[in-house]
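Descriptive structure summary
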Amino acid sequence: VGATEYIIGVHKGIVNKVKLVFLHNVDLFPVVYSEGGAANILRQICGFDKGALEYLCSEKMIPSVVVTNDWYTGLVGAYVKTGAFGDSFSGTTFLHIFHNLQELYEGRLYPNPSDGTLNSIHGLPSHYLVDPYWKNIIINPSRCAILGSD
């Protein structure tokens, strides 16, 4: 995530015959729905989204379809589409589920003007996350999910 490498713990379980995987890192995910400004939340999103893709690669479990849900997973498809995982997912289709695209539910992040688009954290082309026609810089993971979907 940016210039920082995080080690993500993987916890596996089975509930009612459904395999579950939980990703853990106390620095990225200290509590559920932690706060701390746009940069911190974006760091968490990037760590989670890249961590999920890294897990799939490490398990050699490359699905034909990846379905992501809500804005927190909005960068998954974009990381693949921009080549961050080489051709590992070249045969994978990406679909994102939106429950509500009203602005309060898109996961919008409002960085300090001096922080710009926080490219040093997410590493994606800015247009995936920021609408260049908006007056202010607003990082929108839901926009990224749309552009990263097939």
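Residues numbered from 1 in each chain as written. Predicted model: local features only at pLDDT ≥ 70, side-chain atom pairs only at ≥ 80, totals over all residues. Heavy atoms only, no water.

**A short note on the environment of Val1**
Definition in use: The helix count covers DSSP runs of H or I at least four residues long, the strand count covers runs of E at least two residues long, and both are numbered beginning at the N terminus. Contact between two residues is taken to exist if any of their heavy atoms lie within 4.5 Å; hydrogens are not considered.
Within the secondary structure, Val1 is located in the segment before strand E1 (9-15). Remark: the alpha-carbon pair of Val1 and Asp115, spanning 114 residues in sequence, is separated by 16 Å. With near-sequence residues (within four places) excluded, Val1 lies in contact with Tyr6, Arg43, Cys46, Gly47, Lys50 and Ile121.

**So, the side chain of Thr92**
Formally: Exposed residues in this analysis have more than 50% of their type's maximum accessible area, buried residues have under 20%, and partly exposed residues fall in between, with area computed by a 1.4 Å probe over protein chains only.
Topologically, Thr92 is positioned in the loop between helix H2 (76-81) and strand E4 (93-97). Looking at Thr92, the relative accessible area reads 5%, which means it is buried. Excluding residues that lie within four positions of it along the chain, Thr92 makes contacts with Ile62, Pro63, Ser64, Val65, Val66 and Asp150.

**Digging into the packing of aromatic side chains**
Aromatic ring pairs: the centre-centre distance and the angle between the two ring planes describe each pair. Going by this rule: Put simply, two rings from Phe, Tyr or Trp (the six-membered ring, in Trp's case) pair if the centres are within 6.5 Å, and we call them stacked under 30 degrees between planes, edge-to-face over 60, tilted for the rest.
Taken as a whole, this structure holds five aromatic pairs when the rule is applied. Measuring from centroid to centroid gives 6.3 Å for Phe29 and Phe48, while their planes differ by 80 degrees, and the two rings are edge-to-face. Of this pair, Phe29 sits in the loop between strand E2 (18-24) and helix H1 (37-58) while Phe48 is found in helix H1, placing the two residues 19 residues apart along the sequence. The exposure class assigned to Phe48 is partly exposed, which follows from its relative accessible area of 27%. Pairing Phe85 with Phe89 gives two aromatic rings, centres 6.1 Å apart and planes at 80 degrees, and the pair type is edge-to-face. For the pair formed by Phe85 and Phe89, the shared burial category is buried. Taken together through their ring pairs, the aromatic side chains of Phe29, Phe48, Trp71 and Tyr72 make up a single cluster.

**Concerning the nonpolar core**
Generally speaking, soluble globular proteins have nonpolar side chains that are buried together. In plain terms, the rule: Definition used in this section: a nonpolar core is a set of buried Ala, Val, Leu, Ile, Met, Phe, Trp, Tyr and Cys residues joined via side-chain atoms within 4.5 Å.
Core analysis: the biggest nonpolar cluster contains 27 residues, and Leu42 and Leu75 have the highest contact counts within it. Where this core is concerned, the elements lending two or more residues are H1 and H2. Ranked by residue count, the leading element in this core is H1, at eight residues. Those residues in contact with Leu42, other than ones at most four positions away along the chain, are Leu75, Leu109, Leu118, Ile121, His122 and Ile139.

By themselves, these observations are geometric and do not establish any function.
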